[in-house]
Amino acid sequence: MTQPPRPDPIPATTPLLELRDVSKHYPVRRGLLRREAGAVRAVDGVSLHVDPGETLAVVGESGCGKSTTARLALRLVPASGGSIRFDGQDVTDARGPALRRLRREMQVVFQDPFASLNPRMSVAEILAEPLLVHGVGDAGARRERVRDLLRLVDLAPYHAERFPHEFSGGQRQRIGIARALALSPRLIVCDEPVSALDVSIQAQIVNLLKDLQRELGLAFLFISHGLAVVRHVADRVAVMYLGQVVETAPKAALYGDPRHPYTQALLAAAPEPDPARRLARTPLAGDVPSPLDPPGGCRFHTRCPATQAHCRSEAPALRPRAAGSGHAVACHFAESIPAFTRFRDPRPRPPRLQARLALYEARRAAPTP
Amino acid sequence: MGVMTLAGPPPALAPAAAPVLAVRDLVTTFETPNGTIRPVDGVSLAVAPGRTLGIVGESGCGKSMLSLSLMGLVPPPGRVAGGSVRLEGRELVGLPARALRAVRGNRVAMIFQEPMTSLNPVHTVGGQIVEAIRAHRRVPARRLRAEAVEALRQVRIPAPERRFDEYPHQLSGGMRQRVMIAMALACRPALLIADEPTTALDVTIQAQILDLLRDLQAETGMAIVLITHDLGVVAQVADEVAVMYAGRIVEHAPVGAIFDDPQHPYTIGLLGSMPRMEEDVARLVAIGGTVPPPFRLPPGCRFAPRCPFGDAACRERDPALAAVADGHAAACRKAPVEAHP
């Protein structure tokens, strides 16, 4: 049984991207005759929206459907149900010229910058390709645009003639971002864009994405499993579990007052870089059940520390908490579960680290002789 | 402050109990068309029984090659070219392959990031654990199954009797890592080397595995060398931390001091790079540039080209790992940075 469409907290203006009750079911075939034996419900009734210029982060663990959600939004895979709107237009079944227009408006940055760059093409060719495909400008204009793009992502003009293998992981991700910017899209879907990078390089790329957003007014649909990175980039967050959104909220509410037991567990499980705050116990036992055969009732009930009989029989709807709060939770007991407040208040860094970081930044800003 | 050059592990860190593992000036080299490279270049460290040493660094810092060097598993044409690795007092460098194999798995075991590549897909989980037990311990054949089931139970695998007959692909990533740990512990090693054991796992599963390692350490008293890129993981489980950069340890301290009183600019930069869960930071402190490739190491301090505090002298002279506080050593002429404007 599918659930009734669950309203994403109502957006104030026309969202740039809107998914309404979107599903993606992959049939599973078995036996000699390849009979359909069931379906993997990778995404099952997801509603979300991204406003112009904002970042919506979708977080969750592997198999939660966050990457499939990204692909659905990009129209890289067809939806099994629900509708997708871009700038108010229904694009669920867009094809031909309409789909080409959509592709110009909505671009993607992938996790692995090496796998997503053609090793036989120079950076200049990689960056000019989207322009060529969409017939933008002449050769001179395209060269000019390539120069601009390299500058935008802090690469040097001479990098244009080089090939992907000559770059480090962080630089390759800059090339991937430059390519996504080539057609001046309004929305970029970032699918785990920093997960494959070292922490110091992650910081460079995260800073770059934030700078670009401010400079160009971009909107991001940011797919990630890292809650700390999400806190840093997102305006709003949607938490997914087994193909469904279990909680969505503006960033401050999600980290300060998460009301779904799964969100609380995710936050509690993140290893904090603070030896004074070690986890006493594992916050969550067991594994994620198979999306081929998700548990009945609330899908989280098999792992939830607050499960009651009701949870096993009835699936909770994504219910708004207070009008206008933008905070919605899919839990029968959202109001009564204990609060999780560990990340509610800013905790200062240790004083010596803080002082040295300030020095570090001051020195970085003023180049040494 | 008296600055003292260290030849071996920082003396103040010398553990009360005799160390399980004592490494001194370890050098691993590779002959390449670009010349000889040294992915591990003069590393010294020690771990006591029941303690966990976290080795942190980014890709290319040499941390994984260090762990292979400790195990005597450096792939050719690489080789351990110098220094000493003592396990429970016994020198491993220069030991013949056969003798080394007996040590490996008996007194020291290793787990890796991706358990699927270390498990044999065509054998049952139980069969592989039985093999590990037989290779290292004399157990009567009729007791093998029971011992293997017990090993699965020890790593908190539910329904171990049933899991015994399953194949690796039937297990989740977290369960596979538990099986790897069960195999590694089958021989009751004195030292477990864990190379990014939770990197491929989801965060809730990672918490379970870290928890498990902590419990097993408390039960068995084994020492752990935990290799990771994640300062969060280190903060959760390590007693001491060594920060590696370009083949060397640049800072070594008790875990509290690494986070409260980081001395090396690289450590400071790494801590600043991490986004925080409890507050919004306008901009992360990024470390400029990238780790230099081992065949193009800069002269002087290897971090100097990326270091905001580096000066001409840093780019000329190689700093030694020197004590900056009790049990705390850093390889930086400018440490602490506020005292060296």
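Rules of the game
- Residues numbered from 1 in each chain as written.
- Chains lettered and ligands numbered in written order.
- Predicted model: local features only at pLDDT ≥ 70, side-chain atom pairs only at ≥ 80, totals over all residues.
- Helix = DSSP H or I, 4+ residues; strand = E, 2+ residues; numbered from the N terminus.
- Rg over C-alpha atoms; globule rule 2.2 N^0.38 Å.
- Buried ≥ 20, exposed ≤ 12 C-beta atoms within 10 Å, placed from the backbone.
- Contact = placed C-beta atoms within 7 Å.
- Domains from an automatic or database assignment.
- Nonpolar A, V, L, I, M, F, W, Y, C, P; charged D, E, K, R; others polar.
- Core = buried A, V, L, I, M, F, W, Y, C linked by C-beta atoms within 7 Å.
- pLDDT = per-residue confidence, 0-100.
- Axes fitted to C-alpha atoms, helices over the stretch in contact; angles between N-to-C directions.
- Parallel < 35°, antiparallel > 145°, perpendicular 65-115°, else oblique.
- Left-handed = near helix turned anticlockwise from the far one by under 90°.

Participant: For this particular structure, what's the right way to read the overall build of chain A?
Facilitator: Each helix and strand counted, chain A has 11 helices and 12 strands in total. For 369 residues, the compact-globule formula gives about 21 Å, and the C-alpha radius of gyration of chain A, at 22 Å, lands near that figure. When the 369 residues of chain A are sorted by exposure, 47% land in the buried category. Contacts spanning at least 24 positions in sequence make up 66% of the contacts within chain A whose residues lie at least 6 apart.

Participant: Would you explain the domain arrangement of chain B in this entry?
Facilitator: Interface extent is often summarised as the accessible area lost during association of the parts. Residue and element names in this part refer to chain B. By the assigned domains, chain B splits into domain 1 (11-107 + 190-339) and domain 2 (117-188). Using only C-alpha atoms to locate each centre, domain 1 and domain 2 end up separated by 30 Å. Between domain 1 and domain 2, the contact holds 12 residues from the first and 13 residues from the second. Taken together, the residues of the side of domain 1 that touches domain 2 sort by class into 8 nonpolar, 4 polar and no charged.

Participant: Can you walk me through the nonpolar core in this structure?
Facilitator: General note: in soluble globular proteins, nonpolar side chains tend to be found buried as a group. Counting residues in hydrophobic clusters, the biggest one holds 215 residues, and the most contacted among them are L221 of chain A together with I129 and L191 of chain B. When residues in this core are grouped by element, the largest group, 8 residues, is from helix α7 (residues 173-185) of chain B. Each of domain 1 (11-107 + 190-339) and domain 2 (117-188) of chain B accounts for three or more of the residues forming this core. Ignoring any residue separated from it by four or fewer positions in sequence, one finds L191 of chain B in contact with V20, L21, V47, L87, R107, V108, M222, A223 and V225 of chain B.

Participant: Would you take a moment to explain the confidence of the model for chain B for this structure?
Facilitator: Low-confidence regions, as indicated by low pLDDT, have predicted coordinates that should not be scrutinised in detail. Residues and elements named next belong to chain B. Averaged over all residues, the pLDDT of chain B is 88; the fraction at 70 or higher stands at 95%. When pLDDT is averaged over each element of chain B, strand β10 (residues 248-254) comes out on top at 97 and helix α3 (residues 115-118) at the bottom at 72. In the predicted structure, residues 1-15 sits below a pLDDT of 50 and forms 31 contacts with residues beyond four places in sequence or in another chain. ipTM for the predicted complex: 0.87, alongside a pTM of 0.89.

Participant: Explanation requested: the packing of helix α6 (residues 199-216) of chain A against helix α11 (residues 265-273) of chain B in the structure shown.
Facilitator: Each pair of packed helices can be described by the angle between their axes along with the distance between the axes. Here α6 of chain A crosses α11 of chain B at 50°, and the two axes come no closer than 8 Å. Accordingly, the angle class assigned to the pair α6 of chain A and α11 of chain B is oblique. As for how α6 of chain A packs across α11 of chain B, the hand of that crossing is left-handed. Here V199, S200, Q202 and A203 of chain A of α6 of chain A come into contact with α11 of chain B, specifically with G269, L270 and S273 of chain B.

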